[in-house]
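Residue-level structure breakdown
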There are 2 protein chains.
Amino acid sequence: MAAYVVGHKNPDTDTIVSAIAIADLWSKRGIEASPIAQGPVNPETKFVLGKFGGTAPEVQTDATDKQIILVDHSDLAQSLDNLDKGEVVAVVDHHKLGDVTTSNPLEMWVWPVGCSCTVIKAMYDFYNVEIPANIAGMLMCAILSDTVMFKSPTCTPQDKEAVETLAKIAGVSEYMDLGVEMFKVKSAVDGTPAAELLMRDYKDFDMSGKKVGIGQLEVVDLSILEPYKEALYAEMEKLKSEGGHHSIFLLLTDIMKEGSDMLVLSDDPAVVEKAFGKGVDGKSVWLDGVLSRKKQVVPPFEKAFA
Amino acid sequence: MAAYVVGHKNPDTDTIVSAIAIADLWSKRGIEASPIAQGPVNPETKFVLGKFGGTAPEVQTDATDKQIILVDHSDLAQSLDNLDKGEVVAVVDHHKLGDVTTSNPLEMWVWPVGCSCTVIKAMYDFYNVEIPANIAGMLMCAILSDTVMFKSPTCTPQDKEAVETLAKIAGVSEYMDLGVEMFKVKSAVDGTPAAELLMRDYKDFDMSGKKVGIGQLEVVDLSILEPYKEALYAEMEKLKSEGGHHSIFLLLTDIMKEGSDMLVLSDDPAVVEKAFGKGVDGKSVWLDGVLSRKKQVVPPFEKAFA
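Residues numbered from 1 in each chain as written. Chains lettered and ligands numbered in written order. Predicted model: local features only at pLDDT ≥ 70, side-chain atom pairs only at ≥ 80, totals over all residues. Heavy atoms only, no water.

1. Some thoughts on the sheet that holds strand β6 (residues 107-110) of chain A
Strands sit in the order β3(A)-β2(A)-β1(A)-β4(A)-β5(A)-β6(A)-β6(B)-β5(B)-β4(B)-β1(B)-β2(B)-β3(B) across an open sheet of 12 strands; the sheet is mixed. Every interior strand has two partners, whereas the edge strands, β3 (58-59) of chain A together with β3 (58-59) of chain B, have only one. In this structure, strand β1 (residues 3-6) of chain A lies alongside strand β4 (residues 67-71) of chain A, joined through 4 bridges in parallel fashion. Of the residues in β4 of chain A, the one forming a bridge with tyrosine 4 of chain A is isoleucine 68 of chain A. Where helix α1 (residues 13-28) of chain A meets the sheet, its contacts fall on β1, β2 (33-37), β4, β5 (87-93) and β6 of chain A, and the angle it forms with β2 of chain A comes to roughly 170°. Sitting on the sheet, helix α3 (residues 116-126) of chain B touches β5 (87-93) and β6 (107-110) of chain B, and the angle it makes with β5 of chain B is about 105°. (Pairing = 2+ DSSP bridges. Helix = DSSP H or I, 4+ residues; strand = E, 2+ residues; numbered from the N terminus. Contact = heavy atoms within 4.5 Å. Axes fitted to C-alpha atoms, helices over the stretch in contact; angles between N-to-C directions.)

Set out below in structure tokens:
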């Protein structure tokens with residue numbers, strides 16, 4: 001039975017490239033595997049795939065009767081529908097350990113590094129499989145994206161080393177220039193409806209029984225998003241009333257200033273003060289130095305909600 | 001903060017040796033770590049530690065305010081008390097993925113192989129750390145034990161390769177002879193109270209909300225256990241009434257005949273027929289070819305209880 005490799009909902013570049021690379025690595029280990037995605041790719045990922053001749057994976061959302069390899073997540077809320085009706089045979093990730101469980105022994109590679117693709121680079125080496133140049137280029141871009149070009153506190157020496165090696169394999173001499181070009185594509189919001197912007201990099205979490213949504217938009221200059229703030233807040237209100245959330249937070253991250261303006265919509269806004277020691281000013285709060293949802297936002301909120 | 005490395009309740013040789021080896025590997029990676037155990041070591045493990053100059057880890061059962069590395073399990077029911085009041089920073093395992101979750105990114109090495117120590121052998125290689133001869137000997141014995149000297153269906157080519165290499169490092173030329181000696185120690189039951197025998201290799205599972213206990217005794221000849229069957233069954237009844245279990249199963253495994261006589265005590269004995277296509281004959285059922293609780297007993301029961 002062929003396995004399907006899938007990342008989280010609202011796929012980002014790490015999730016898509018991880019699915020493509022793991023399917024390649026598994027196939028070369030002699031196990032048939034195809035990448036799938038839970039939704040269409042975002043503009044940044046489209047740029048990366050275009051640059052290195054990759055193809056967006058087919059969209060599929062149901063795990064029933066499938067063998068599944070999870071990449072870049074291990075939370076049920078972020079995974080395929082009916083995951084319990086399929087079989088998870090492997091997990092490759094760089095997040096906290098979520099609530100996915102299995103009935104059979106499986107293969108897991110999870111490291112506390114900046115990007116799943118950094119783990120995958122090491123897996124190619126471990127299994128003695130040569131990384132194709134185009135996949136090396138995509139892996140490199142995913143790491144630059146997830147680590148905000150090494151600025152994120154999630155970035156580790158392994159991430160930097162992986163980018164150095166992957167750039168050589170891909171034949172890219174000035175990878176930081178390519179990173180800036182990629183972040184400019186990511187920052188482009190012109191003409192994009194606010195609903196789509198909100199969902200571009202959005203995840204639901206179960207925090208002590210409460211449904212909490214956290215989105216993030218990374219831009220090279222926060223002023224780009226200024227005209228969209230009201231419309232984004234209105235979309236958060238809509239999503240909250242339809243989804244039955246306790247809270248929805250949206251991080252507007254300025255990767256140059258290295259901080260985030262967080263829009264707050266919550267049944268109990270005091271959780272923000274509890275989590276960050278700083279109260280909400282109107283509808284938002286400036287969090288200096290906060291670039292990483294995973295490392296700087298999810299853990300303090302999980303504690304505040306506990 | 002130093003980390004504590006701990007295996008599952010009712011520790012077996014894999015759990016104890018994994019804790020000792022991972023503490024060694026972590027220390028050599030520059031991270032302070034000490035092995036602990038959730039209970040005293042069994043006779044087989046005592047034999048292995050004695051053979052290679054190892055020390056039984058200190059018994060500790062509470063995770064509060066500790067950094068924890070889990071080995072050989074990822075189920076809350078098999079782990080330390082108050083695991084949510086400590087922080088799980090790493091998991092090394094070879095079982096199905098259990099219900100442990102974390103708030104922060106962590107390091108996980110989980111492979112579908114016969115023994116956690118096979119994963120650990122590969123981790124030493126990955127981190128370029130030399131395996132000390134005495135630890136190599138213990139790792140080798142743990143793999144021979146968990147794979148029933150390569151007879152278990154859980155055994156993989158990686159397990160065999162690891163034993164070959166570890167035997168050389170440990171300076172053991174006839175490792176199969178050592179394996180037989182070890183299993184004879186494991187088979188010795190003379191004078192051991194039935195209550196202690198039942199708990200020697202016993203695990204509780206949560207199967208679709210029902211508490212299910214599964215124990216296993218591996219012997220070189222089933223006739224060794226014949227005089228103990230009634231007393232073991234009486235201990236199962238006592239444990240069930242005290243523990244509020246739905247079912248307790250005890251596998252009496254004959255590693256030479258390669259099968260298990262399973263003692264059955266259940267609120268619904270029909271689950272056995274559902275799981276194995278074979279009904280209970282009196283108080284037990286012979287399961288031909290069944291050597292592995294993990295691969296041949298837990299998965300069919302999980303399906304039958306679902």
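2. Focus: the domain arrangement of chain A
Residues and elements named next belong to chain A. Assigned domains within chain A: domain 1 (3-184) and domain 2 (194-305). One C-alpha centre belongs to domain 1, the other to domain 2; they are set 24 Å apart. On the domain 2 side, the residues contacting the 18 residues of domain 1 number 18 residues. Interface area, domain 1 with domain 2, both sides summed: about 1800 Å², of which 58% is carbon and sulfur. The largest contributions to the domain 1 side of the interface with domain 2 come from Asn10, Lys151 and Pro153, which together make up 29% of the buried area. On inspection of domain 1 and its partner domain 2, the count reaches 2 salt bridges. In this structure, glutamate 258 engages lysine 151 in a salt bridge whose closest nitrogen and oxygen atoms are separated by 3.9 Å. Our count for the contact surface shared by domain 1 and domain 2 stands at 5 residue pairs in polar contact (both at pLDDT 80 or more). Tallied by class, the residues present in the side of domain 1 that touches domain 2 amount to 8 nonpolar, 8 polar and 2 charged. (Domains from an automatic or database assignment. Buried area = accessible area lost by both parts, 1.4 Å probe. Salt bridge = Lys/Arg side-chain N within 4 Å of Asp/Glu carboxyl O. Polar contact = N/O pair within 3.5 Å; in protein donor to acceptor, adjacent residues only side chain to side chain. Nonpolar A, V, L, I, M, F, W, Y, C, P; charged D, E, K, R; others polar.)

3. A short note on the nonpolar core
Residues Ile22, Leu139 and Met140 of chain A together with Ile22, Leu139 and Met140 of chain B are the most contacted members of the largest nonpolar core, which totals 116 residues. Discounting chain neighbours no more than four positions away, the residues touching leucine 139 of chain B are Val17, Ala21, Cys117, Ile120, Tyr124, Ile131 and Leu166 of chain B. One finds Leu83 of chain A together with Ile36, Val88 and Leu106 of chain B within the second-largest nonpolar core, a separate group that totals 28 residues. (Core = buried A, V, L, I, M, F, W, Y, C linked by side-chain atoms within 4.5 Å. Buried < 20%, exposed > 50% of the residue type's maximum accessible area, 1.4 Å probe, protein only.)

4. Re unusual backbone geometry
Despite not being glycine, aspartate 65 of chain A has its phi angle at roughly 60°, a positive value. In this structure, aspartate 65 of chain A sits in the loop between β3 and β4. Positive phi outside glycine occurs at serine 208 of chain B, with the angle close to 50°. Summarising the element assignment, serine 208 of chain B is placed in the loop between β7 (202-207) and β8 (210-219).

5. Regarding the pairing of strand β4 (residues 67-71) of chain B
Counting buried positions along β4 of chain B yields 5 of 5 residues, so the element is predominantly enclosed. Residues Gln67, Ile69 and Val71 of chain B line one face of β4 of chain B and the alternating positions Ile68 and Leu70 of chain B line the opposite face, and both faces are buried.

6. Some details on the environment of isoleucine 16 of chain A
Residues and elements named next belong to chain A. Tracing the backbone through its elements, the reader meets isoleucine 16 in helix α1. Exposure remark for isoleucine 16: the relative accessible area of 1% places this residue in the buried category. Considering only alpha carbons, one finds isoleucine 16 and alanine 37, 21 residues apart in sequence, at a separation of 6.9 Å. Excluding residues that lie within four positions of it along the chain, isoleucine 16 makes contacts with Pro11, Ala37, Val41, Thr45, Leu49 and Pro57.

7. Observations concerning the interface of chain B and chain A
Across the boundary between the two partners, chain B contributes 24 residues, which contact 24 residues of chain A. Of all residues in chain B, the largest losses of buried area upon contact with chain A belong to Leu97, Pro105 and Met108 of chain B, amounting jointly to 28% of the total for that side. In this assembly, chain B and chain A are joined by 6 residue pairs in polar contact (both at pLDDT 80 or more). Here the element with the most residues in the side of chain B that touches chain A is β6 of chain B; it accounts for 4 residues. Across the side of chain B that touches chain A, the residue classes break down as 12 nonpolar, 7 polar and 5 charged. Strand direction decides the pairing type here: β6 of chain A and β6 of chain B, joined by 3 bridges, are antiparallel.

8. Let's talk about the packing of helix α1 (residues 13-28) of chain B against helix α2 (residues 43-51) of chain B
All names here are of chain B. It is the contact of α1 with α2, at a shortest axis distance of 9 Å, that shows an interaxial angle of 40°. Judged by the inter-axis angle, α1 sits oblique to α2. Across the interface between the two elements, Thr13, Ile16 and Ile20 from α1 touch Glu44, Thr45, Val48 and Leu49 from α2. (Parallel < 35°, antiparallel > 145°, perpendicular 65-115°, else oblique.)

9. Some words on the packing of aromatic side chains
Across all of its chains, the model carries 20 aromatic pairs over all chains by this definition. When the ring of tryptophan 109 of chain A is compared with that of tryptophan 109 of chain B, the centres are 5.1 Å apart and the planes differ by 45°; the resulting orientation is tilted. With tryptophan 109 of chain A in strand β6 and tryptophan 109 of chain B in strand β6, this residue pair bridges two chains. Residue classification places tryptophan 109 of chain A among the buried positions, given a relative accessible area of 1%. Aromatic side chains tryptophan 109 of chain A and tryptophan 111 of chain B sit 6.0 Å apart centroid to centroid with 40° between the ring planes, which places their arrangement in the tilted category. With tryptophan 109 of chain A in strand β6 and tryptophan 111 of chain B in the loop between β6 and α3, this residue pair bridges two chains. Each member of the pair tryptophan 109 of chain A and tryptophan 111 of chain B is classed as buried. (Phe/Tyr/Trp six-rings, centres within 6.5 Å; stacked < 30°, edge-to-face > 60°.)

10. What about the relation of the copies chain B and chain A?
Once chain B is rotated about the relating axis by 180° and shifted along it by 0.0 Å, it coincides with chain A to within an RMSD of 0.0 Å. Accordingly, the operation relating the two chain copies is best matched by a two-fold axis. Distance from the rotation axis, computed per C-alpha, reaches its smallest value in chain B at tryptophan 109 of chain B: 2.8 Å. Most of the interface of chain B is mirrored in chain A, where 100% of its interface residues again form contacts. (Least-squares fit on C-alpha atoms with pLDDT ≥ 70 in both.)

11. Some details on α3 of chain B
For α3 of chain B, the tally of buried residues reaches 9 of 11 residues, placing the bulk of the element in the interior. Along α3 of chain B, the residues that are buried comprise Ser116, Cys117, Thr118, Val119, Ile120, Lys121, Ala122, Met123 and Tyr124 of chain B. If you follow the buried residues of α3 of chain B, they end up packed against α3 (116-126) of chain A together with α1, β5, β6, α4 (133-146) and α5 (157-170) of chain B.

12. With respect to the pattern of salt bridges
Counting across every chain of the model gives 30 salt bridges over all chains. One salt bridge connects lysine 186 of chain B with glutamate 218 of chain B, and the closest N-O pair in it is separated by 2.5 Å. Taken together, the residues span a long stretch of sequence, with lysine 186 of chain B in helix α6 (residues 175-187) and glutamate 218 of chain B in strand β8 at a distance of 32 residues. Each member of the pair, lysine 186 of chain B as well as glutamate 218 of chain B, carries the same accessibility label: buried. In this structure, the salt-bridge partner of lysine 283 of chain B is glutamate 230 of chain B, at a minimum N-O distance of 3.5 Å. With lysine 283 of chain B in the loop between α9 (270-276) and β11 (284-288) and glutamate 230 of chain B in helix α8 (residues 229-243), the pair connects residues that are 53 residues apart, well separated along the chain. A relative accessible area of 39% places lysine 283 of chain B in the partly exposed class. Taken together, the shared-partner salt bridges in this structure form one network comprising Glu44, Lys186 and Glu218 of chain A.

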